[in-house]
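An overview of the molecular structure
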Amino acid sequence: QVQLIESGGGLVQAGGSLRLSCAASRDTFSRYYMGWFRQAPGKERDFVAAIGWSSAITVYADSVKGRFTISRDNAKNTAYLQMNSLKPEDTALYYCAADPLSLSRRAATWNYWGQGTQVTVSS
């Protein structure tokens, strides 16, 4: 079992930036794929970004590509999501996810999840 603890959410104006952090409980963190998803009220949980073991592979949803950057620091057992040029449509509860097997855009395939952190973007 891997426990994920998220932080960094908040309220920002359109065009602003936030950096989300996801701290994992295990020192074997480097062997897990990491991802970020988001869910707005009444909507399904949508893929945002994912990153491989060594950071050589990253994947982004089309809606955030060029604005968001996923990264990881394996020495700190932590993954990050840097969000720039935020838009009101980015407003959602953001979840960190981890999985030992593979990257996927489908939320159901990820084994471990954080509690979520709220991001609200005002116009």
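Here goes a summary of the coordinates provided.

Parameters and conventions
Residues numbered from 1 in each chain as written. Predicted model: local features only at pLDDT ≥ 70, side-chain atom pairs only at ≥ 80, totals over all residues. Heavy atoms only, no water. Helix = DSSP H or I, 4+ residues; strand = E, 2+ residues; numbered from the N terminus. Rg over C-alpha atoms; globule rule 2.2 N^0.38 Å. Buried < 20%, exposed > 50% of the residue type's maximum accessible area, 1.4 Å probe, protein only. Areas by Shrake-Rupley, 256 points an atom, 1.4 Å probe, with all protein chains shown as cover. Lys, Arg positive; Asp, Glu negative; His and termini not counted. Charge placed at Lys NZ, Arg CZ, Asp CG, Glu CD. Core = buried A, V, L, I, M, F, W, Y, C linked by side-chain atoms within 4.5 Å. Disulfide = S-S within 2.5 Å. Pairing = 2+ DSSP bridges. Contact = heavy atoms within 4.5 Å.

**Some remarks on the overall build of the chain**
A tally of helices and strands in the chain yields zero helices and eleven strands. From first element to last, N terminus to C terminus, the chain shows the α and β order β-β-β-β-β-β-β-β-β-β-β. Radius of gyration (C-alpha) of the chain: 13 Å, near the 14 Å computed for a compact globule of 123 residues. A principal-axis box enclosing the C-alpha atoms of the chain has dimensions of 40 × 30 × 25 Å. Across the 123 residues of the chain, 45% fall into the buried class. Just so you have it, the chain exposes about 6300 Å², and 47% of that area is on carbon and sulfur atoms. Looking at charge distribution, the chain has the averaged site of its 13 positive side-chain charges lying 3 Å from that of its 9 negative ones.

**A word on the nonpolar core**
Leu4, Met34, Leu81, Met83 and Tyr94 are the most contacted members of the largest nonpolar core, which totals 37 residues. Residue assignment for this core shows that the elements contributing at least two residues are strand E3 (18–24), strand E4 (33–39), strand E5 (46–51), strand E7 (68–73), strand E8 (78–83), strand E9 (92–99) and strand E11 (117–122).

**Description of the state of the cysteines**
This model, assessed by the stated rule, comprises one disulfide. For cysteine 22, the disulfide goes to cysteine 96, at an S-S distance of 2.0 Å. Here cysteine 22 and cysteine 96 share a disulfide; its torsion about the S-S bond, -80°, makes the bridge left-handed. Taken as a pair, cysteine 22 in strand E3 and cysteine 96 in strand E9 lie far apart in primary sequence, 74 residues in all.

**A look at the pairing of E9**
Burial analysis of E9 places seven of its eight residues in the buried class, which makes it a mostly covered element. Two strands pair when backbone bridges link them, and E4 and E9 are joined in this way by seven bridges, in the antiparallel orientation. Bridged to tryptophan 36 within E9 is cysteine 96. In terms of strand pairing, E9 meets strand E10 (residues 112–113) through two bridges, oriented antiparallel. Opposite alanine 97, over in E10, you have tryptophan 113 as the bridge partner.

**Points about the environment of tyrosine 33**
For tyrosine 33, the position within the fold is in strand E4. The exposure class assigned to tyrosine 33 is buried, which follows from its relative accessible area of 15%. Separated by 18 residues in the primary sequence, tyrosine 33 and isoleucine 51 have C-alpha atoms spaced 6.1 Å apart. Other than its neighbours up to four places away in sequence, tyrosine 33 contacts Ile51, Gly52, Trp53, Arg72, Ala97, Ala98, Asp99, Pro100, Leu101, Ser102, Leu103 and Trp110.

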